[in-house]
Amino acid sequence: MRRVLRAPLTLLLVALAAFPAAAAPAGHTATRVARDVRAHEEARARVEELREADAPPGEVRDAERHRRDVRSRLWDLLWAVEHALADPVAVDPTGRAGHCPLGPRSTPAQVQAPAPFPGEGTSWTVPTTGYRLTAGYAERGRRWKHRHTGQDFAVGSGTPVRAVGPGTVRVTTCGDGFGNQVLVRHRDGYFTQYAHLSRIDVRKGQKVRAGQLLGLSGATGNVTGPHLHFEVRITPYIGSAVPPLPWLARKGVHPEQ
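Residues numbered from 1 in each chain as written. Predicted model: local features only at pLDDT ≥ 70, side-chain atom pairs only at ≥ 80, totals over all residues. Heavy atoms only, no water.

(A) The arrangement of the state of the cysteines in detail. Applying the stated rule across the entire model yields 1 disulfide. Across a sulfur-sulfur distance of 2.1 Å, Cys100 and Cys174 are joined as a disulfide pair. Across the S-S bond linking Cys100 and Cys174, the dihedral sits near -95°, which makes this disulfide left-handed. With Cys100 in the loop between α3 (88–91) and β1 (132–133) and Cys174 in the loop between β4 (167–173) and β5 (180–186), this pair connects stretches of sequence that are 74 residues apart. Residue classification places Cys100 among the buried residues on the basis of a relative accessible area of 9%. (Disulfide = S-S within 2.5 Å. Helix = DSSP H or I, 4+ residues; strand = E, 2+ residues; numbered from the N terminus. Buried < 20%, exposed > 50% of the residue type's maximum accessible area, 1.4 Å probe, protein only.)

(B) Expanded view of helix α2 (residues 57–84). Compared with an ideal rise of 1.5 Å per residue, which puts 28 residues at 40 Å, α2 spans 40 Å between its outermost C-alpha atoms and is within 8% of the ideal. In the segment just after α2, Ala86 is the residue with positive phi, at about 60°. (Expected span 1.5 Å × (residues − 1).)

(C) Geometry of the packing of helix α1 (residues 27–52) against α2. Where α1 meets α2, the closest approach of the two axes is 9 Å, and the angle between their N-to-C directions is 160°. By the angle class used here, α1 and α2 are roughly antiparallel. Along this stretch, α1 crosses α2, giving a crossing that reads as left-handed. (Axes fitted to C-alpha atoms, helices over the stretch in contact; angles between N-to-C directions. Parallel < 35°, antiparallel > 145°, perpendicular 65-115°, else oblique. Left-handed = near helix turned anticlockwise from the far one by under 90°.)

Shown next as structure tokens:
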């Protein structure tokens, strides 16, 4: 029998992506997705609670296995939905079919020296500089069909956009409401999305480190002006977003308000 998860979960406001609305799960599927996102975050909190309490290794392994099972179920469900709806992330993760504006690969000279992050053995950073935080997670408005699924960083076009932490580029694509976008998978299993770029400077499968250039900000896709849409997801697919600022805070990163 699985252990009942008792860790409280705050700031989890499940939201469905509004860009593009046609590719977002709907109806009964949306309810299932919301349930699984909530269950995953509860399971993740439970794993962290057990580790902090120095629980027996077997108990931690069981909790982690449960978290991965929930993520796998959510992943399979969303892949089927997004593939059927022709979401570019599901059907064209390299961006080649959409002829995305791929710039040159980032070079060592373009890698920002990351600040040390105690206790992680690696480092994390904000995704851009010279920004102003605008639309936040779960915010309502006429621009979104449901609620906003990420955090917007208002910056001028052409501002460098960088990986917030080490990982592997999972997607470099374009052609929907997110415009030119990059998704990076991190070692903790989460994905970060960087959308509305004017140019993409990495390729699918490329390893990146914290602070490495991914592309340049812009106003591609469904936007009213240039900015970076930054999102954190459990899977690569629309519908699995979680609050990005608390997630960054767990990495020791606190964007200035």
